[in-house]
Amino acid sequence: SHYFIQSNLRYSAMSGQKRLVVLGATGATGQLLIQQAVQRNYLVTALVRTPSKITFQDKNLTVEVCNIFDKAQLQPHVDTADVIMSCLGFPLAWSNPVPHFLTVAQNLSECMKESGKRRVIFMHSWYTDPASHAHASFLMRNLFLWLVLGQTLAGMRLSEKFLETTDHLDYTCVLPAGLTNGPVTDQEFLTNDTDSIVPGCPSRISRAD
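Quantities reported herein were computed from a predicted structural model and do not represent experimental measurements.

A. Expanded view of the pattern of salt bridges. Following the criterion strictly, the structure yields five salt bridges and no others. Arg 157 is the salt-bridge partner of Asp 129, the closest N and O atoms lying 3.8 Å from each other. One end of the pair, Asp 129, is in the loop between strand 6 (119-123) and helix 4 (138-148); the other, Arg 157, is in helix 5 (residues 150-164), and 28 residues separate them in sequence. Residue Lys 161 pairs with Glu 164 through a salt bridge whose shortest N-O separation is 3.3 Å. Of the two residues, Lys 161 and Glu 164 are both situated in helix 5; the distance of three residues between them amounts to about one turn of the helix. A network of salt bridges, in which partner residues are shared, links Asp 129, Arg 157 and Glu 160.

What follows is the structure, given as structure tokens:
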């Protein structure tokens, strides 16, 4: 399994039961995240628009309706969090970078600064850095990365560049390869902290990993 991590992590290891707040919990990856988190004894709060999309139930899971673009609604959930994780995805755009990744990062940054919270993790994608596109095949570079995914990747990149300017967050951007619906595997995880891809590796990873 292969992914790139961009991080300014200064956070020490946590002990005991901790509260995890998850954005994007109704998506395919978010649902796996909340299930795996409660299995690891986290107290999980899933912030959603449509609670009915989460059918999984557990004593350690709380599902809350929240408009994450409204800082007043977001703030009380940030106040109680030990870690915040975002698996957000948004509809494709064709003419301008998808703005919501940056908006959410900015909102979380402001709320976390207000509450003194630091640890936040974002799941984005390979190829958010345009310089990494040179590693892609001609078809991938000129069809998928430019025409199909270009504005999504550009939106993610804007939020990553914003995070680089913050000094009050311990953030990590996990940039996985193309996600499949396979099960958890025992494959080794390979990372690269100097580029937004892991050169020479397959371009797929099970989202359960």
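B. Region of interest: the packing of aromatic side chains. For the structure on display, the rule yields three aromatic pairs. Arranged with centres 6.3 Å apart and planes meeting at 45°, the rings of Phe 69 and Phe 90 form a pair that is tilted. Linking Phe 69 in the loop between strand 4 (61-65) and helix 2 (71-79) with Phe 90 in the loop between strand 5 (83-86) and helix 3 (100-115), this pair joins segments that are 21 residues apart in sequence. Given the relative accessible area of 18%, Phe 90 is considered buried. An aromatic cluster of three or more residues is present, and its members are Phe 69, Phe 90 and Phe 101.

C. Representation of the packing of helix 2 against helix 3 in the model. Where helix 2 contacts helix 3, the axes come no closer than 9 Å and their chain directions differ by 50°. On the basis of their axis angle, the class for helix 2 and helix 3 is oblique. For the crossing formed where helix 2 meets helix 3, the hand is right-handed. Here Lys 71, Leu 74, Gln 75, Val 78 and Asp 79 of helix 2 come into contact with helix 3, specifically with Asn 107, Leu 108, Glu 110, Cys 111, Met 112, Glu 114 and Ser 115. The residue inventory of the contact of helix 2 with helix 3, partitioned by class, reads five nonpolar, three polar and four charged.

D. A look at helix 1 (residues 28-39). Helix length check: helix 1, at 12 residues, gives a terminal C-alpha distance of 17 Å against a target of 16 Å (1.5 Å per residue), a fit within 8%. Of the positions making up helix 1, those classed as buried are Thr 29, Gly 30, Gln 31, Leu 33, Ile 34, Ala 37 and Val 38. Downstream of helix 1 by one or two residues, Asn 41 has phi in the positive range, about 75°.

E. Examining helix 3 more closely. Between the first and last C-alpha of helix 3 there are 22 Å, a value that for 16 residues agrees with the 22 Å anticipated at 1.5 Å per step. Within helix 3, burial applies to Phe 101, Val 104, Ala 105, Asn 107, Leu 108, Ser 109, Cys 111 and Met 112. For helix 3, the elements touching its buried residues are strand 2 (19-23), helix 2, strand 5, strand 6 and helix 5. Just past helix 3, the residue Gly 116 takes up positive phi, approximately 80°.

About the cut-offs
- Residues numbered from 1 in each chain as written.
- Predicted model: local features only at pLDDT ≥ 70, side-chain atom pairs only at ≥ 80, totals over all residues.
- Heavy atoms only, no water.
- Salt bridge = Lys/Arg side-chain N within 4 Å of Asp/Glu carboxyl O.
- Helix = DSSP H or I, 4+ residues; strand = E, 2+ residues; numbered from the N terminus.
- Phe/Tyr/Trp six-rings, centres within 6.5 Å; stacked < 30°, edge-to-face > 60°.
- Buried < 20%, exposed > 50% of the residue type's maximum accessible area, 1.4 Å probe, protein only.
- Axes fitted to C-alpha atoms, helices over the stretch in contact; angles between N-to-C directions.
- Parallel < 35°, antiparallel > 145°, perpendicular 65-115°, else oblique.
- Left-handed = near helix turned anticlockwise from the far one by under 90°.
- Contact = heavy atoms within 4.5 Å.
- Nonpolar A, V, L, I, M, F, W, Y, C, P; charged D, E, K, R; others polar.
- Expected span 1.5 Å × (residues − 1).

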